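Per-entry structural report
If you want the building blocks of each chain, they are given just below.
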Amino acid sequence: MKKMILALTTLLFSSHVFATATLRIPVYIEGDRDPVPAIEINKKLKAVGAPLIPLYIEVSTGEDGYKKFEALDQLIEKSLAALGKDYEYVMRDSELIPAANSIKGFATCYKGNPHDVPGVASSLTDVAYSDQMNPWGYKFKNHTELFADDDEDGFLNNFLSEQSDLWKNWKSKNDDVLILSAIGDSGDDVNESVISKCK
């Protein structure tokens with residue numbers, strides 16, 4: 001699985017050699033039911049004088065996202081220890097797919113070249129996103145790119161159009177990037193990620 005992801009990331013990067021993008025990903029902590037934005041936990045940390053958790057983590061093209069998330073997780077563990085036993089086993093909440101936890105005002109966004117956004121997202125499989133995330137393609141404005149060696153007969157694009165009305169009817173004139181992915185090797189699910197440009 002990791003070899004396939006690495007090959008995909010290399011392919012995406014090589015197709016846009018000079019393209020760079022940065023994903024700004026909000027930091028969430030595990031909650032009783034739903035993920036809790038770091039901004040909420042920071043209120044408790046501030047009250048006890050513990051180090052605050054970054055609201056976002058940024059990863060750019062060519063960076064080692066694994067190392068950045070490892071450092072973030074160590075900081076979170078250290079900070080949450082100051083809140084006592086209730087937070088002893090609480091960790092960062094990762095997403096299944098990009099932008100899965102996004103809420104208004106606290107959402108994944110990107111800077112730089114939109115065509116390199118899928119490559120950065122793919123490089124974060126198994127650290128920011130599910131270890132089973134398989135990106136299938138993306139759209140930006142009127143550009144469509146499929147992550148398949150050969151789709152001359154249009155099978156994959158037709159399949160994605162049948163599975164996602166958003167993919168089929170994409171007419172975005174703004175700077176949003178649409179990524180479709182599957183979670184798991186069977187590929188029988190389609191997940192939509194819409195990533196906007198950071199303001």
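Summarised in this report is the structure supplied together with it. (Residues numbered from 1 in each chain as written. Predicted model: local features only at pLDDT ≥ 70, side-chain atom pairs only at ≥ 80, totals over all residues. Heavy atoms only, no water.)

Side note on empty space enclosed by the protein
Per the stated rule, a full pass over the model turns up one cavity of 30 Å³ or more. Computed from the structure, the largest cavity encloses a volume of approximately 80 Å³. In this structure, the largest cavity is lined by 13 residues; those nearest its centre are Ile25, Pro26, Phe69, Arg92 and Asp93. In terms of residue class, the lining of the largest cavity is built from eight nonpolar, two polar and three charged. (1 Å grid on protein atoms, 1.4 Å probe; cavity = no way out; pocket = protein on both sides within 12 Å on 5 of 7 lines; lining within 4 Å. Points joined across faces, edges and corners; volume = space filled by probe spheres on them. Nonpolar A, V, L, I, M, F, W, Y, C, P; charged D, E, K, R; others polar.)

Examining the state of the cysteines
This model, assessed by the stated rule, comprises one disulfide. Disulfide pairing places Cys109 opposite Cys198 at an S-S distance of 2.0 Å. One disulfide, between Cys109 and Cys198, carries an S-S torsion of 90 degrees and so falls in the right-handed class. Of this pair, Cys109 sits in strand S5 (residues 109-112) while Cys198 sits in the segment after strand S9 (191-197), and the two are 89 residues apart along the sequence. Classification of Cys198 by relative accessible area gives buried; the value is 17%. (Disulfide = S-S within 2.5 Å. Helix = DSSP H or I, 4+ residues; strand = E, 2+ residues; numbered from the N terminus. Buried < 20%, exposed > 50% of the residue type's maximum accessible area, 1.4 Å probe, protein only.)

A closer look at the environment of Ala99
You can see Ala99 is positioned in the loop between helix H3 (65-81) and S5. With 74 residues separating them in the primary sequence, Ala99 and Ile25 have C-alpha atoms 7.9 Å apart. Ignoring sequence-local partners within four residues, the contact set of Ala99 consists of Thr108 and Val194. (Contact = heavy atoms within 4.5 Å.)

Concerning the pairing of strand S1 (residues 21-26)
Counting buried positions over the six residues of S1 gives five, a clear majority of the element. Here four bridges tie S1 to S5, and the two strands are oriented antiparallel to one another. By the bridge assignment, Ala21 is partnered in S5 with Gly112. (Pairing = 2+ DSSP bridges.)

A short note on helix H2 (residues 38-47)
Looking only at H2, the buried set comprises Ala38, Ile41, Asn42 and Leu45. When H2 is viewed along its axis, its buried side chains cluster within an angular range of 110 degrees and face the same direction. Opposite its buried face, H2 presents the exposed residues Lys43 and Ala47, each directed more than 90 degrees away. For H2, the elements touching its buried residues are strand S2 (28-29), strand S3 (36-37) and H3. Looking one or two residues past H2, Gly49 carries a phi angle of roughly 75 degrees, positive in sign. (Arc of directions from axis to C-beta.)

Notes on the sheet that holds S5
Read from one edge of the open sheet, seven strands run S4-S1-S5-S9-S8-S6-S7, paired in mixed fashion. Sheet topology places strand S4 (56-60) and strand S7 (143-146) at the edges, where each strand pairs with a single neighbour. Each adjacent strand pair in this sheet contributes to an overall mean axis angle of 25 degrees, direction not counted. Bridge count for S5 against S9 is two bridges, and the pairing is parallel. By the bridge assignment for S9, Tyr110 is matched with Lys197. Its contacts with the sheet place H3 against S1 and S4, and it is angled at close to 165 degrees to S4. Here helix H5 (residues 155-163) sits on the sheet in contact with strand S6 (133-140), S7 and strand S8 (177-183), set at roughly 110 degrees to S7. (Axes fitted to C-alpha atoms, helices over the stretch in contact; angles between N-to-C directions.)

What about the pattern of salt bridges?
Throughout the structure, instances matching the rule amount to five salt bridges. Note that Lys43 and Glu40 form a salt bridge whose closest N and O atoms lie 3.3 Å from each other. Here Glu40 and Lys43 lie together in helix H2, a separation of three residues that amounts to about one turn. On the basis of relative accessibility, which here comes to 53%, the residue Lys43 falls in the exposed class. (Salt bridge = Lys/Arg side-chain N within 4 Å of Asp/Glu carboxyl O.)

Things to note about the nonpolar core
Membership of the largest hydrophobic core comes to 35 residues, with the highest contact counts inside it found for Leu23, Ile53, Phe69, Leu80 and Leu124. Mapped onto this core, the elements with two or more residues apiece are S1, H2, S4, H3, helix H4 (117-123), S6 and S8. By residue number, the principal contributor to this core is H3, which donates four residues. Among all residues touching Phe69, those that are not within four sequence positions of it are Ile25, Ile57, Val59, Arg92, Leu124, Val127 and Ala128. (Core = buried A, V, L, I, M, F, W, Y, C linked by side-chain atoms within 4.5 Å.)

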